[in-house]
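Descriptive analysis of the structure
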Amino acid sequence: MASPTRRSTSRLIALSAGAGLGFAAVVGGLVSMQLGAAGFDLRSALQPAAAAAAVLRSTGVAARVEAKAEAAAPIQAPAGAAAPALAAADRADATLDRTAVIPIPDGIITLPASFASADGAYDLVIHFHGVNDVVQAGFDRARLNAVVMIINLGISSGAYETQFSIRSYLPALMAKAQTALEARGLRGARLRRVALSAFSAGYAAVRGLLNQPGFTDKVDAVLLLDGIHTGYMPLDHSLDMERLKPFSRFAELAAAGKKMMSITHSEITPNGDYAGTHESTDALLKLTGAQRSPGAGADEQAIYDLTGAASEARLRFAPLSEAHRGAFHVRGYAGTQKPDHVRHLTRMAETALPDLVRHWSEPPAQ
């Protein structure tokens, strides 16, 4: 499948900083992935992203977003029978240093404020593609009790798939995470569950990993944020299901309740001979038997299209459909432009992440 042209995240950050652009502009520039070949003007794409971020930073809207996130966040369920509370000094995380991110090759490890471990066990989310600060903010808002690793290779979906098709690459990064947590003071640190999360081009890393024999057994959950694609067959222009097979296998496991998978998609039609996220997701729905219904539960106060003053903001991130079967979840949103694509990353705490929070609120399967 041909991969569209994309700028690397690091280049966008550097160029934006040199041009004096703010953080929201960097977010807007992040998505030159498959849409970059569609004739979009990058400067025009930055303007609505910056305006939306400005609204989110305003006191009133930010407070409402936080209130909604707090209300929606499930409480962590106790693992088995209630155990006596440990004294603070006896907890495994009593001396855990949370002051700074932990650098690793091609990324960082961060500890959200919601991360806690009384006995040293930890869950790990590995997220592919996205400005670090945006991804960190999403996990903080979602209040997920997990360690988060963020990987950015930049250039294209091909770079992600090539790197993470190498069987030794991710285990080496996970070993570094283990060593870093021990060094930061998590006593008895030991990995429990792993989730893979990806935005945009990062989906190819997930595909590469799930395509490795035996690796799917180690993954408990997958989140894809407007990032799942496949090519077309040359004779009849049907979807290349072989390219989707790693995702379809996982979707079927999730539908059966053995794993968890959450997908969000836009209505963007790529400029190239490959399927967009809506069409690719439809193939998984057909395989799992999940049926779409009208969308509900949008984060209605959070995403706006500014045409004038802040008081004239209009809702943009509108839900069109959703489908659920077992622990397989799909949510489709309106939007065919770059800013619409970016919102799948900036609003992950209100769309896909709550599925993982709920999934991990139960004790790990034995």
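To keep things clear, this report deals only with the structure shown in the data block. (Residues numbered from 1 in each chain as written. Predicted model: local features only at pLDDT ≥ 70, side-chain atom pairs only at ≥ 80, totals over all residues. Heavy atoms only, no water.)

Judged by nonpolar contacts, the single largest core of 59 residues is most densely connected at Phe-128, Leu-196, Met-261 and Phe-328. It is helix α7 (residues 169–183) that provides the largest number of residues to this core, a total of seven residues. (Core = buried A, V, L, I, M, F, W, Y, C linked by side-chain atoms within 4.5 Å. Buried < 20%, exposed > 50% of the residue type's maximum accessible area, 1.4 Å probe, protein only. Helix = DSSP H or I, 4+ residues; strand = E, 2+ residues; numbered from the N terminus.)

This paragraph deals with the sheet that holds strand β8 (residues 260–265). With mixed pairing, the ten strands of this open sheet are ordered in space as β1-β2-β4-β3-β5-β6-β8-β14-β13-β10. The sheet terminates laterally at β1 (102–104) and β10 (293–294), the two strands that pair on one side only. Both β1 and strand β2 (residues 107–110) contribute to a ladder of three bridges, which runs antiparallel. By the bridge assignment, Ile-104 is partnered in β2 with Gly-107. With respect to the sheet, helix α8 (residues 203–210) is in contact with β3 (121–128), β5 (190–199) and β6 (221–225), its orientation differing from that of β5 by roughly 135°. (Pairing = 2+ DSSP bridges. Contact = heavy atoms within 4.5 Å. Axes fitted to C-alpha atoms, helices over the stretch in contact; angles between N-to-C directions.)

Turning our eyes to something else, we now look at the side chain of Asp-240. Here Asp-240 shows up in the loop between β7 (230–231) and α9 (241–255). Polar contacts involving the side chain of Asp-240 include one to the main-chain amide nitrogen of Glu-242, which spans 3.1 Å. Setting aside residues no more than four positions away along its own chain, Asp-240 makes contact with Thr-230, Gly-231, Tyr-232 and Met-233. (Polar contact = N/O pair within 3.5 Å; in protein donor to acceptor, adjacent residues only side chain to side chain.)

Time to look at the packing of aromatic side chains. Under the defined criterion, the tally for this structure stands at three aromatic pairs. Pairing Phe-164 with Tyr-169 gives two aromatic rings, centres 5.0 Å apart and planes at 80°, and the pair type is edge-to-face. Following the ring pairs from residue to residue traces out a cluster consisting of Phe-128, Phe-164 and Tyr-169. (Phe/Tyr/Trp six-rings, centres within 6.5 Å; stacked < 30°, edge-to-face > 60°.)

This paragraph deals with the packing of α8 against α9. At their nearest, the axes of α8 and α9 sit 9 Å apart, and the two run at 80° to each other. On the basis of their axis angle, the class for α8 and α9 is roughly perpendicular. Contacts from Tyr-203, Val-206, Arg-207 and Leu-210 of α8 reach α9 at Glu-242, Arg-243, Pro-246, Phe-247, Arg-249 and Phe-250. Split into classes, the residues belonging to the contact of α8 with α9 amount to six nonpolar, no polar and four charged. (Parallel < 35°, antiparallel > 145°, perpendicular 65-115°, else oblique. Nonpolar A, V, L, I, M, F, W, Y, C, P; charged D, E, K, R; others polar.)

Counting buried residues along β6, five of its five residues qualify, which places the element largely inside the surrounding structure. For the crossover that starts at β5, traverses α8 and ends in the parallel β6, the hand is right-handed. Across five bridges, β6 lies against β8 in parallel orientation. Looking at β8, one finds that Val-222 is bridged to Met-261. (Right-handed = clockwise from strand over helix to strand, strands pointing away.)

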